[in-house]
Amino acid sequence: MQDSLVEYGARRVIITITAILCALLEIVDSTIVNVALNEMKGNLGATLSEVGWVITAYAIGNVIVVPMTSWLSQQFGRRNYFAASIVIFTIFSFLCGNADNIWELVFFRLCQGIGGGALLVTSQTIITESYPVEKRSMAQAIYGLGVIIGPTLGPPLGGYIVDNFSWPYIFYINIPIGIAATLMTLQFVKSPKFSEKRKASDVDWLGIMLLALTVGSLQFILERGHEEDWFESGMIVTFTTTAVLGFICFLWRELTFRYPIVELRVLKNGNLRIGTVMSFVLGFGLYGSTFIVPLYTQSILGWTALQSGALMIPAALTTAFMMPIIGRLLSKGAKQQILVSLGLFIFFVYSFWGYKILTPDTSKDAFFWMLIVRGMGLGLLFIPITSLSLSTLKGQEIGQGAAFTGMMRQLGGSFGIAAITTFIANASQKYRVNLISHLDADSFDVQQRLAGLKASFIAKGMTPDAAMNAAYKVMDMTVTKQATVLSYMDVFLYLGIAFLVCIPFILFIRERKSKEKIDLSEAMH
């Protein structure tokens with residue numbers, strides 16, 4: 001049955017385009033909203049932490065459904081499930097745009113995420129299986145294009161739409177693409193016949209509930225931890241306990257139940273295990289650095305969403321350019337470990353560079369080459385990690401493996417963003433206290449600076465008292481800004497060191513000498 005999924009010629013092109021369109025829909029949608037949060041806040045009369053839920057809900061929906069995709073496509077047939085996911089996604093995109101209050105929007109985003117989670121992993125499986133084995137690295141490269149360009153396209157596209165139209169249009173833009181993708185899926189995508197459907201009594205309902213509970217709670221902690229002040233808050237403690245207990249019960253359930261919803265035994269495959277961990281690191285770096293650069297340019301340098309989004313485009317194009325080249329190298333037999341290690345090292349260079357150039361007024365040009373280097377590093381990491389993870393899997397295991405790496409990438413991203421926001425908030429407090437201790441009211445420089453500021457405010461027509469207050473405020477803002485810049489520098493430095501530490505572990509991965517033998521024994525289980 002397996003070979004029947006491999007497509008040739010025009011059909012393969014069409015299937016590939018459909019799958020990438022869907023992956024893009026999903027990914028662009030997770031970052032496009034970031035830019036519109038301010039508009040939504042004003043429009044729906046919500047607070048900043050309420051608006052944060054628009055992102056959180058989507059991520060929770062995603063992460064819950066991703067591990068189940070492989071099972072759901074067996075249950076309903078891959079084509080039907082894929083098409084249904086696109087339909088759910090498209091309908092809820094429309095409803096998101098029509099939401100009247102913030103909680104309505106959050107609920108629709110959760111449902112949109114549940115539809116969207118499938119798009120990512122199933123499209124990866126569809127692309128992988130439409131190509132013959134020797135072209136798989138190329139297939140991963142094509143899929144990787146979508147996954148890496150997606151998060152980068154989100155902010156500038158969102159910025160453009162918000163500046164020129166209104167926020168609901170960031171959701172409406174999905175509708176025509178969704179309709180086209182549904183029609184193409186029903187027409188061209190085939191369903192594999194790996195196994196028969198299960199009866200309702202055989203379905204792992206408890207597993208589904210435990211999974212949703214565990215992953216949902218974990219995602220909740222990561223997204224909201226910083227706002228709620230981590231373990232100071234009873235809510236976060238409750239959710240942490242839920243996540244830990246849920247996880248333990250979930251492991252027990254999946255390993256003892258006849259038809260588990262998530263096939264944990266796939267992780268016996270050593271390459272997949274390492275690939276899963278690496279996907280986590282990749283998510284951390286990919287989403288973490290996609291999050292920190294626009295944040296820095298908008299909050300410290302005062303750029304618009306469109307400007308800071310556009311800054312990321314050259315890097316994405318570099319990655320796009322690298323992808324097919326890496327795919328070729330892998331097909332020619334280049335060692336995956338070497339490529340990944342090189343990618344991690346380049347990422348270290350990028351982070352260290354970021355650490356060096358950040359100032360309260362870094363110019364646009366300073367970022368250009370640094371981000372190009374980031375693009376190169378990502379290109380070297382993405383495909384080798386994915387193809388390393390899935391390289392020794394067979395048939396049904398491919399979908400299950402892809403679900404694991406996909407979920408870990410998502411979680412890595414959430415961990416990264418949660419860690420970075422908390423770190424910046426705490427570090428900038430520390431630096432602020434430190435900087436203030438150096439500002440001595442008796443020092444000549446400080447007095448001169450204040451006198452200069454005061455004079456300039458008086459010249460603008462303020463009373464001497466008001467001018468003095470304004471001068472103090474400016475000093476205060478300068479200190480805060482400097483402290484924040486210092487904490488951003490630290491983030492870059494630590495991210496770089498983290499990547500450097502990963503290199504030795506990658507070089508330890510064993511190559512498998514006898515390919516044929518191992519494939520047979522893997523397929524036997």
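Quick look at the structure, then.

Quick notes on the overall build of the chain
For step 1, the next point in the chain: Broken down by element type, the chain carries 19 helices and 0 strands.
For step 2, the next point in the chain: Within the chain, the fraction of its 525 residues that count as buried is 53%.
For step 3, the next point in the chain: The long-range fraction of contacts in the chain, counting pairs at least 24 apart against all pairs at least 6 apart in sequence, stands at 82%.
For step 4, the next point in the chain: Split by element, the accessible area of the chain, about 23,600 Å² in all, is 67% carbon and sulfur.

Quick notes on the nonpolar core
For step 1, the next point in the chain: With 61 residues, the main nonpolar core has Leu344, Phe367 and Leu371 as its most contacted residues.
For step 2, the next point in the chain: The residues contacting Leu371, other than those within four sequence positions of it, are Val293, Leu311, Met312, Ala315 and Tyr350.
For step 3, the next point in the chain: Residues Ile32, Met40, Val51 and Ile64 belong to the second largest nonpolar core, which totals 29 residues.

What to know about the packing of aromatic side chains
For step 1, the next point in the chain: Counted according to the given criterion, the structure contains 13 aromatic pairs.
For step 2, the next point in the chain: Seen in terms of ring centroids, Phe165 and Tyr169 are 5.7 Å apart; in terms of plane orientation they differ by 40 degrees. Their pairing is tilted.
For step 3, the next point in the chain: Given a relative accessible area of 42%, Tyr169 falls into the partly exposed group.
For step 4, the next point in the chain: An aromatic cluster is present here, built from Phe94, Phe165, Tyr169 and Tyr172 joined pairwise through their rings.
For step 5, the next point in the chain: Sitting above the plane of the Tyr58 ring, Arg109 keeps its charged end 4.2 Å from the centroid.

A word on the pattern of salt bridges
Note that side chains of opposite charge can pair when their charged atoms are close.
For step 1, the next point in the chain: According to the stated counting rule, one finds 1 salt bridge in the structure shown.
For step 2, the next point in the chain: Arg432 is paired through a salt bridge with Asp476; the nearest N and O atoms lie 2.9 Å apart. Taken together, the residues Arg432 in helix α16 (residues 396-438) and Asp476 in helix α18 (residues 464-507) connect sequence positions 44 residues apart.
For step 3, the next point in the chain: The class for Asp476 is partly exposed, based on a relative accessible area of 36%.

Remarks on the packing of helix α14 (residues 336-357) against helix α15 (residues 364-390)
For step 1, the next point in the chain: Viewed as axis vectors pointing N to C, α14 and α15 meet at an angle of 155 degrees, and their least axial separation amounts to 8 Å. Classified by the angle their axes make, α14 and α15 are roughly antiparallel. Every pair of crossing elements has a handedness; the one defined by α14 and α15 is left-handed.
For step 2, the next point in the chain: Classifying every residue of the contact of α14 with α15 by side-chain character gives 23 nonpolar, 5 polar and 1 charged.

Conventions and cut-offs
- Residues numbered from 1 in each chain as written.
- Predicted model: local features only at pLDDT ≥ 70, side-chain atom pairs only at ≥ 80, totals over all residues.
- Heavy atoms only, no water.
- Helix = DSSP H or I, 4+ residues; strand = E, 2+ residues; numbered from the N terminus.
- Buried < 20%, exposed > 50% of the residue type's maximum accessible area, 1.4 Å probe, protein only.
- Contact = heavy atoms within 4.5 Å.
- Areas by Shrake-Rupley, 256 points an atom, 1.4 Å probe, with all protein chains shown as cover.
- Core = buried A, V, L, I, M, F, W, Y, C linked by side-chain atoms within 4.5 Å.
- Phe/Tyr/Trp six-rings, centres within 6.5 Å; stacked < 30°, edge-to-face > 60°.
- Lys NZ or Arg CZ within 6 Å of the ring centre and 35° of its normal.
- Salt bridge = Lys/Arg side-chain N within 4 Å of Asp/Glu carboxyl O.
- Axes fitted to C-alpha atoms, helices over the stretch in contact; angles between N-to-C directions.
- Parallel < 35°, antiparallel > 145°, perpendicular 65-115°, else oblique.
- Left-handed = near helix turned anticlockwise from the far one by under 90°.
- Nonpolar A, V, L, I, M, F, W, Y, C, P; charged D, E, K, R; others polar.

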